[in-house]
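Spelled out from the first residue to the last, the chains are:
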Amino acid sequence: MPYARLMPSDAPAGDVVLPCDDLDPTIEWFSAAGFRLDLITPADGPHTAVMSGHGLRLRFEPSADMPSGDSGWPAGPAGPAGVIRLPVPARPAADLGDESTAPNGTHVIWVDAGEGDLEPPFEPATIVSRATDGWDPGRAGMGYRDLIPGRLGGHVIASHIHITEGGPVADYVHHHHISYQLIFCWRGWADLVYEGQGPPFRFVAGDCVLQPPHIRHRVLATSADFDVVEVASPAAHDTFVEHDLVLPTERAEPNRTWSGQRFVHHQAATATPQARAGTPFLVRDLELGAASVGAVTAGVVQPAASRVEEAAPIACDDGEARVRLRVVLAGTVDVEVDGAREALTEGDAVVASPGVSLGIAAWSADAQWLEVLGR
């Protein structure tokens, strides 16, 4: 009669299989790295072991080019010894270094919680991007246009994001490992839901949200021809899928913070532009500065009257900001960058390096532009 293979009822569903031709030193090394031995087989001349730790279960088997020996068992799988990333906080006292190689050849790297770097190098650049520049496909059927090619060395990403066809969005609850992130609704609308912010709400043209680091959220649906400007630091950041939290959450927590930042939903319908001192402009502050603990500020700027040109450019006072971005939302705007004149139309953008002079030289009566200043 066939034999039954008995396994513990709580056995993990799967293993990561790694080649190993010398079991004892490999077991000793991984034990020092915080793994425990769960299984070894066969009793006479063992060649296979299972160890678990750090949320992983590793199965060490002989490589394909190792003879089966007296046991008569077949050789194990072929393949590389692999790379394992393990969290720094869980590193045991054993001095294994930031990167180590186990006796079986597996390379182990100790990383900071498996998340991306929030302080990438900053490389200043002065760039003019055009609305006619190309589009790239993105997550959940969205089109992306890069507003800052080069991304200042990876420090920041600014994107014009477009959805052509409206309706439900193939999104899921997720969160981002970021320093700061804002989304400005340029055209159309979206239905959004955020952790701790009550039921879903409609995000309409002129609105802006500040998404604190790791706040869970989801895009539910959009109008046709939905456009936003999204700015986030760093440029390459991890997006985590949330499997357990259901949105909306039962309890609203409007004053909750994530990494010290508060969620903001700025609503254009209830905001009034204010005169910008010493300039012929009005600015609608998007209320991000205090909520982001000074990481980013943003506003929508427009002329206070139909005046179209100044005798000299109106200097942009951007303080100590490293990210100095303007995106033309409507009309035309001429800027002067380090003495050079650039004519910008709807969808064009300019980013200026710290210390580079930037001024508004001319504008149409219907001009509007988004300014974003980030650390």
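Residues numbered from 1 in each chain as written. Predicted model: local features only at pLDDT ≥ 70, side-chain atom pairs only at ≥ 80, totals over all residues. Heavy atoms only, no water.

A word on the pattern of salt bridges
Oppositely charged side chains are able to pair whenever their charged atoms sit close together.
1) Next: The tally for this structure, following the rule as stated, stands at 19 salt bridges.
2) Next: The partner of Asp 15 in a salt bridge is Arg 59, and the shortest N-O contact between them spans 4.0 Å. Of this pair, Asp 15 sits in the segment before β1 (16–19) while Arg 59 sits in strand β4 (residues 56–61); the two residues are 44 residues apart in sequence, bridging distant segments of the chain.
3) Next: On the accessibility criterion, Arg 59 (17% relative accessible area) is buried.
4) Next: Measuring nitrogen to oxygen at the nearest pair gives 2.7 Å for the salt bridge that ties Asp 318 to Arg 324. A single burial state applies to Asp 318 and to Arg 324, both of which are buried.
5) Next: Salt bridges sharing common partners tie together Arg 276, Asp 318, Arg 324, Arg 326 and Glu 371. (Salt bridge = Lys/Arg side-chain N within 4 Å of Asp/Glu carboxyl O. Helix = DSSP H or I, 4+ residues; strand = E, 2+ residues; numbered from the N terminus. Buried < 20%, exposed > 50% of the residue type's maximum accessible area, 1.4 Å probe, protein only.)

Points about unusual backbone geometry
1) Next: A cis amide bond links Thr 41 to the next residue, Pro 42, at an omega of -10°.
2) Next: Looking at the element boundaries, Pro 42 is found in the loop between β2 (36–41) and β3 (48–53).
3) Next: Across the junction of Ser 233 and Pro 234, the peptide omega takes the value 0°, indicating a cis bond.
4) Next: Residue position: Pro 234 is located in the loop between β19 (226–233) and β20 (239–241).
5) Next: One non-glycine residue, Arg 151, lies in positive phi territory at about 55°.
6) Next: Following the sequence through the fold, Arg 151 ends up in helix α2 (residues 151–154).
7) Next: The partly exposed category is assigned to Arg 151, whose relative accessible area is 31%.

A few points about empty space enclosed by the protein
1) Next: Tallied over the full model, the rule gives 1 cavity of 30 Å³ or more.
2) Next: Taken as a whole, the largest cavity spans an internal volume of roughly 30 Å³.
3) Next: Taken together, Arg 326, Val 327, Val 328, Val 333, Val 335, Leu 344, Ile 360 and Trp 369 make up the lining of the largest cavity.
4) Next: Elements with a minimum of two residues in the lining of the largest cavity: β28 (323–330) and β29 (332–337).
5) Next: With 3 residues, β28 is the largest single contributor of residues to the lining of the largest cavity.
6) Next: Counted by class, the lining of the largest cavity contains 7 nonpolar, no polar and 1 charged residues. (1 Å grid on protein atoms, 1.4 Å probe; cavity = no way out; pocket = protein on both sides within 12 Å on 5 of 7 lines; lining within 4 Å. Points joined across faces, edges and corners; volume = space filled by probe spheres on them. Nonpolar A, V, L, I, M, F, W, Y, C, P; charged D, E, K, R; others polar.)

Comments concerning the side chain of Glu 230
1) Next: Position of Glu 230 among the secondary structure elements: in strand β19.
2) Next: Note on Glu 230: relative accessible area 16%, which makes it buried.
3) Next: Side chain to side chain, Glu 230 and Gln 181 meet in a polar contact 3.0 Å long.
4) Next: Those residues in contact with Glu 230 that lie beyond four places of it in its chain are Ile 157, Ala 158, Ser 159, Ile 161, Gln 181, Leu 182 and Ile 183. (Polar contact = N/O pair within 3.5 Å; in protein donor to acceptor, adjacent residues only side chain to side chain. Contact = heavy atoms within 4.5 Å.)

As for the pairing of strand β11 (residues 157–163)
1) Next: Among the 7 residues in β11, 7 count as buried, and that is most of the element.
2) Next: Residues Ile 157, Ser 159, Ile 161 and Ile 163 line one face of β11 and the alternating positions Ala 158, His 160 and His 162 line the opposite face, and both faces are buried.
3) Next: The pairing of strand β10 (residues 143–146) with β11 spans 4 bridges and is antiparallel. The residue bridging Arg 145 from the neighbouring strand is His 160, located in β11.
4) Next: Pairing geometry for β11 and β19, over 7 bridges, is antiparallel. (Pairing = 2+ DSSP bridges.)

Quick word on the sheet that holds strand β7 (residues 107–111)
One key point about sheets: their strands pair by backbone hydrogen bonds, in either a parallel or an antiparallel sense.
1) Next: The sheet built from 3 strands is open, its strands ordered β5-β7-β6 with mixed pairing. One side of each edge strand has no neighbouring strand; the edge strands of this open sheet are β5 (83–87) and β6 (99–101). Ignoring strand direction, the axes of neighbouring strands in this sheet form an average angle of 25°. (Axes fitted to C-alpha atoms, helices over the stretch in contact; angles between N-to-C directions.)

Things to note about the sheet that holds β19
1) Next: Taken in spatial order, the 7 strands line up as β9-β10-β11-β19-β14-β17-β23 in an open sheet, and their pairing is antiparallel. Pairing within the sheet leaves two strands with one partner each, and these edge strands are β9 (136–137) and β23 (264–266).
2) Next: Bridge count between β9 and β10: 2 bridges; the pairing is antiparallel. Bridged to Pro 137 within β10 is Gly 143.

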